[in-house]
Amino acid sequence: MTDPKKLFLKTYGCQMNVYDSERMAEAMAADGYVQTDVAEDADLVVLNTCHIREKASEKLYSDLGRLRPLKAAKPGLKVAVAGCVAQAEGAEIQRRMPLVDLVVGSQAYHRLPAMVRGNRAAVDTDFPVEDRFDLLPARSGGRGPVAFLTVQEGCDKFCAFCVVPYTRGAEVSRPAARILDEARALVAKGVRDITLLGQNVNAYHGAGPGGDWTLARLLRELAAVEGLARLRYTTSHPNDMADDLIAAHGDLPKLMPYLHLPVQSGSDRVLKAMNRKHTSAQYLALIDRIRAARPDILLSSDFIVGFPGETDQDFADTMALIRAVGYGAAYSFKYSARPGTPAAERPEVDSAVADARLQELQALITQQQRAAQDAIVGRTVGVLYEKAGRMPGQMVGKSDHLQAVHVTDPAGKVGELVHVRVLASSSNSLSGERIPG
Ligand code: SAH
Ligand code: SF4
Ligand code: F3S
């Protein structure tokens, strides 16, 4: 027996890339590759990239630079670039970095094994018509009780700053039956908490018995899967928050009280320039309806500061919106001009001004996140154990509200869903004790 070949896989970017990386690892496992954390041991390096901001996509090139000595010492090593930079830049990556053997776009990675075997062209940035999920090996599981499941891909919204419609193509929903099968397969491998993924997941409209299903319908069916304890979904667009989905937050106990609903800005002028197609008042009214359905829901968002044309007043409007909502978490980014997007043609905000706004916004979010955590102290929450903690006898998991919780529980096991009385809140986690029952 020869040693199995080794795969070193690095993932950049969003949760969809995390999911895609798992699927690529499974596809390569079917060809005899086992994963390694040590790049030096690898026969195949796959970098699954992100194009969303300039910094994200430049990371690829610095990592490729670091692989140069490795490739020189081991000529048999294959280097593949996958994901959204691969999709956007294609063969240009090889021109800039000749050490790259294969370039596989974000929609063609089911062909990676054949490319590695040398049976296909070394650059593939097609948007194939076939459903790649049908052509990939079944889910192997084994990564613990929490899993992602992509249900929808691509985006038709064309926000003025965003590359996703170009790197991931048009919006496509997977058929409901395939998603249910995949969920059952994951549960059979010990998964208890599934997050449905899509760039516009709440626009889901996959084929199902009786016609197209909405996301709410899909969630209802998934909630009936025995052994599955928790459901979440991300990322949603405010304009696709349908009535049946809001209602599901009120009456589906397995649907966890956490919702990522990016607004990007609180200024109507900027929202319009971003092509977000709603106002801040409409967003706030939507939040009210969601909270009416599920009063304890924790909300999170994405924000872009320094979008072209953003004035001090626009930024003040964003801060006012954040204060009005009270988020449990949020991701915030300094605007980054992306090639091919409409906003890239517009004059940029002064970089130092944008930096200062980002700092101010992040300070407010940190304060709100801490307040949301502190509000849980003294309460009992559900926690799903994901791994052992660093301290002896400690387990770490997530609350229903997706907050990290450390629990002293020497008998605790990964995958157990327990009740925890929260005793303390620190900068980005909670700690508590397990309550019997
Ligand atoms: N589909 C999701 C977002 C995907 S990108 C949605 O509609 O919300 C994730 C986040 O990256 C976006 O919400 C946005 O806040 C940020 N982002 C996207 N393009 C960006 C850019 N050019 N500069 C800075 N941040 C950007
Ligand atoms: Fe990008 Fe907008 Fe589509 Fe989200 S909705 S992926 S931000 S274009
Ligand atoms: Fe990045 Fe592509 Fe996701 S650009 S954010 S990896 S869809």
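These numbers were taken from a predicted model, which means no experiment stands behind them.

Please set out unusual backbone geometry residue by residue, giving values where relevant.
Cis geometry is adopted by the peptide bond preceding Thr235, which originates at Thr234 and carries an omega value of 5°. Along the polypeptide, Thr235 turns up in the loop between strand S13 (230-234) and helix H10 (243-251). Look at Phe158: it is not a glycine, yet its phi comes out positive at around 50°. By the element assignment, Phe158 lies in the loop between strand S8 (152-153) and helix H7 (164-167). For Phe158, a relative accessible area of 37% puts it in the partly exposed group. With phi around 65°, Leu402 is a residue other than glycine that occupies positive phi space.

Would you mind going over the environment of Ala122 in detail, with residue names and values included?
If you trace the backbone, Ala122 turns up in the loop between helix H5 (112-117) and strand S6 (123-124). On a C-alpha basis, the gap between Ala122 and Val104 in space is 7.9 Å, while along the polypeptide they are 18 residues apart. Setting aside residues no more than four positions away along its own chain, Ala122 makes contact with Gln94, Asp101, Leu102, Val103 and Met115.

Hey, could you go over helix H1 (residues 15-29) for me, with residue numbers and the actual values?
Compared with an ideal rise of 1.5 Å per residue, which puts 15 residues at 21 Å, H1 spans 21 Å between its outermost C-alpha atoms and is within 8% of the ideal. For H1, a buried count of 12 out of 15 residues is recorded, marking the element as mostly surrounded by other parts of the structure. Looking only at H1, the buried set comprises Met16, Asn17, Tyr19, Asp20, Ser21, Glu22, Arg23, Met24, Ala25, Glu26, Ala27 and Met28.

A description of the domain arrangement of the protein should follow, citing residues and the corresponding values.
Per the domain assignment, the segments making up the protein are domain 1 (5-124), domain 2 (132-374) and domain 3 (380-434). Distance between the C-alpha centres of domain 1 and domain 3: 35 Å.

Account for the pairing of strand S21 (residues 430-435), naming residues and giving values.
Of the pairings in the sheet, the one linking strand S19 (residues 404-408) to S21 comprises 4 bridges and is parallel in character. Residue Thr408 lies in a different strand from S21, and its bridge partner there is Glu433. In this structure, strand S20 (residues 417-425) lies alongside S21, joined through 6 bridges in antiparallel fashion. Bridge assignment links Arg421 to a residue of S21, and that residue is Glu433. From the end of S20 to the start of S21, which pair antiparallel, there are 4 residues.

Any details on the site of ligand 1? Residues and values, ideally.
Every one of the 15 residues lining ligand 1 counts as a neighbour, but Phe161, Gln199, Gln264, Asp302 and Ser336 are closest to it. At a separation of 2.7 Å, an oxygen atom of ligand 1 approaches a polar side-chain atom of Gln264. The contact in question runs from an oxygen atom of ligand 1 to an N or O atom on the side chain of Asp302, over 2.6 Å. In isolation ligand 1 exposes 540 Å². Once the protein is present, 89% of that is buried. When contributions to the shell around ligand 1 are tallied by element, the ones reaching two or more residues are strand S15 (298-305) and strand S16 (329-334).

Quick one: what's the story with the sheet that holds S13, residue by residue and with numbers?
Strand order in this open sheet of 3 strands is S7-S10-S13, and the pairing throughout is parallel. Only two strands of the sheet have a single partner each, and these edge strands are strand S7 (146-150) and S13. The mean angle between the axes of side-by-side strands here comes to 25°, regardless of whether they run parallel or antiparallel. By the bridge criterion, 5 bridges tie strand S10 (residues 193-197) to S13 in an arrangement that is parallel. Across the sheet, Leu196 pairs through a bridge with Tyr233, a residue of S13. Its contacts with the sheet place helix H8 (residues 176-188) against S7 and S10, and it is angled at close to 165° to S7. Sitting on the sheet, helix H9 (residues 215-223) is in contact with S10 and S13, with an inclination near 155° to S13.

I'd like a rundown of the nonpolar core, residues and numbers included.
Membership of the largest hydrophobic core comes to 53 residues, with the highest contact counts inside it found for Leu196, Leu218, Tyr233 and Tyr327. One finds Tyr33, Leu102, Val116 and Leu136 within the second-largest nonpolar core, a separate group that totals 24 residues.

I'd like a description of the site of ligand 3, backed by residues and values.
Neighbouring ligand 3 are Cys14, Asn17, Thr49, Cys50, His51, Ile52, Cys84, Arg168 and Gln199. Split into classes, the residues belonging to the shell around ligand 3 amount to 4 nonpolar, 4 polar and 1 charged.

Account for the environment of Lys272, naming residues and giving values.
Structurally, Lys272 is set in helix H11 (residues 268-273). Sequence separation between Lys272 and Gln87 is 185 residues, and the spatial gap between their C-alpha atoms is 28 Å.

Calculation notes
- Residues numbered from 1 in each chain as written.
- Chains lettered and ligands numbered in written order.
- Predicted model: local features only at pLDDT ≥ 70, side-chain atom pairs only at ≥ 80, totals over all residues.
- Heavy atoms only, no water.
- Helix = DSSP H or I, 4+ residues; strand = E, 2+ residues; numbered from the N terminus.
- Buried < 20%, exposed > 50% of the residue type's maximum accessible area, 1.4 Å probe, protein only.
- Contact = heavy atoms within 4.5 Å.
- Expected span 1.5 Å × (residues − 1).
- Domains from an automatic or database assignment.
- Pairing = 2+ DSSP bridges.
- Near = heavy atom within 4 Å.
- Polar contact = N/O pair within 3.5 Å; in protein donor to acceptor, adjacent residues only side chain to side chain.
- Areas by Shrake-Rupley, 256 points an atom, 1.4 Å probe, with all protein chains shown as cover.
- Axes fitted to C-alpha atoms, helices over the stretch in contact; angles between N-to-C directions.
- Core = buried A, V, L, I, M, F, W, Y, C linked by side-chain atoms within 4.5 Å.
- Nonpolar A, V, L, I, M, F, W, Y, C, P; charged D, E, K, R; others polar.

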